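Coordinate analysis (summary)
Residues per chain are reported as follows:
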Amino acid sequence: MTKIPVYMMPGLAASSSIFERIILPDDIFETVLLEWEIPFDKETLPDYAKRIANKIQHQNPVLIGVSFGGILVQEMAKCIGTRKIIIISSVKTNLEFPRRMKVAKTTKAYKLIPTNLLANVESLTKFSFGFKIDQRLKLYEKFLRVRDKRYLDWAVEQVILWERTVADEKVIHIHGDEDDVFPIKNIKNCIVVKGGTHIMILAKYKWLNENLPRIILE
């Protein structure tokens, strides 16, 4: 039997190592981990998505994206045929953004974010994983590896300015009810994971390992 290809895209500034606890049955699935690349000057999100989509070597893959990676895989799906699109701890449209992100877009306050300081792992952890961090900074340092200022400037702007207002009905959305980056109160039509935070790809890996195979195959 031909295995089902599953491509996984990490969240903002994160490496694919965030998926190290996600184990899909290897007799059914072939897992491929994607990484962030430094964007070209003035590269748009659709153009970037097309560039990453060109790395996909299989027909009709499953795309799984976490947080900003969830936004990216939705853009990638415009370029290629997919079997399924699954986003985790992410959003389907900019209407699901929290108020602070909508205000940042209106006021252009995002341009004031000192992304050069985000290269510090503690600051980057707060920005990427949420504000309720603990002392496990060495753990986060392992996962947050993309600290190039060009990437961070670009990524923050692409998130805030994402233009999608109509959700793709094919997208399957998995979201934690304790996510403090994209609060559940703003999210519609999702599979709710009780106790899941914005880093549930790490903390709720047992739930994901138990349920992702069924979700993909349904």
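Let me begin by describing the structure that accompanies this report. (Residues numbered from 1 in each chain as written. Predicted model: local features only at pLDDT ≥ 70, side-chain atom pairs only at ≥ 80, totals over all residues. Heavy atoms only, no water.)

1. Structural notes on the sheet that holds strand 6 (residues 191-193)
Counted only if it meets this: Strands are labelled as partners when DSSP assigns at least two bridges between them. Secondary structure is summarised from DSSP: a helix means a run of H or I of at least four residues, a strand means a run of E of at least two, and numbering begins at the N terminus for each. What counts as an axis is a line fitted to C-alpha atoms, over the stretch in contact for a helix, and the angles between N-to-C directions run from 0 to 180 degrees. Should any heavy atoms of two residues lie within 4.5 Å, those residues are counted as being in contact.
One open sheet holds the six strands; their spatial order is 2-1-3-4-5-6, and the pairing between them is parallel. On the outer flanks of this sheet lie strand 2 (29-33) and strand 6, each paired with one strand and no other. On average, each strand axis in the sheet is inclined to that of its neighbour by 20°, with strand direction left out of account. With three bridges connecting them, strand 5 (residues 171-176) and strand 6 associate as parallel partners. Bridging from a neighbouring strand, glycine 176 pairs with valine 193 of strand 6. Where helix 2 (residues 68-76) meets the sheet, it contacts strand 1 (4-9), strand 3 (62-66), strand 4 (84-88) and strand 5, and its direction lies at approximately 150° from that of strand 3.

2. With respect to the packing of aromatic side chains
Threshold: Two aromatic rings from Phe, Tyr or Trp, using only the six-membered ring of Trp, form a pair when their centres are within 6.5 Å; if the ring planes differ by under 30 degrees the pair is stacked, by over 60 it is edge-to-face, and anything between is tilted. Between buried and exposed lies partly exposed: a residue is buried under 20% and exposed over 50% of the maximum accessible area for its type, with that area taken using a 1.4 Å probe on protein chains only. Geometrically, a lysine NZ or arginine CZ counts as sitting over a ring once it is within 6 Å of the ring centre and also within 35 degrees of the ring normal.
Counted by the stated rule, this structure contains seven aromatic pairs. Note on tyrosine 48 and tryptophan 154: the rings are 4.4 Å apart at their centroids and 40° apart in plane angle, and the pair reads as tilted. One end of the pair, tyrosine 48, is in helix 1 (residues 45-53); the other, tryptophan 154, is in helix 6 (residues 149-160), with 106 residues separating them in the sequence. Of the residues examined, tyrosine 48 reaches a relative accessible area of 0% and is grouped as buried. Each residue in the set Trp36, Tyr48, Phe68, Tyr151 and Trp154 is aromatic and connected to the rest through ring pairs, giving one cluster. In this structure, arginine 51 is placed above the aromatic ring of phenylalanine 40, and the distance from its NZ or CZ to the ring centre is 3.9 Å.

3. Some remarks on the pairing of strand 1
Counting buried residues along strand 1, six of its six residues qualify, which places the element largely inside the surrounding structure. Neither face of strand 1 is open: one carries Ile4, Val6 and Met8, the other Pro5, Tyr7 and Met9, and all of them are buried. Two elements, strand 1 and strand 2, share five bridges in a ladder whose sense is parallel. Bridge pairing in strand 2 links tyrosine 7 to valine 32. Two strands pair when backbone bridges link them, and strand 1 and strand 3 are joined in this way by four bridges, in the parallel orientation. In the sheet register, tyrosine 7 faces strand 3, and the bridge partner there is leucine 63.

Nothing here speaks to function; it is all geometry.
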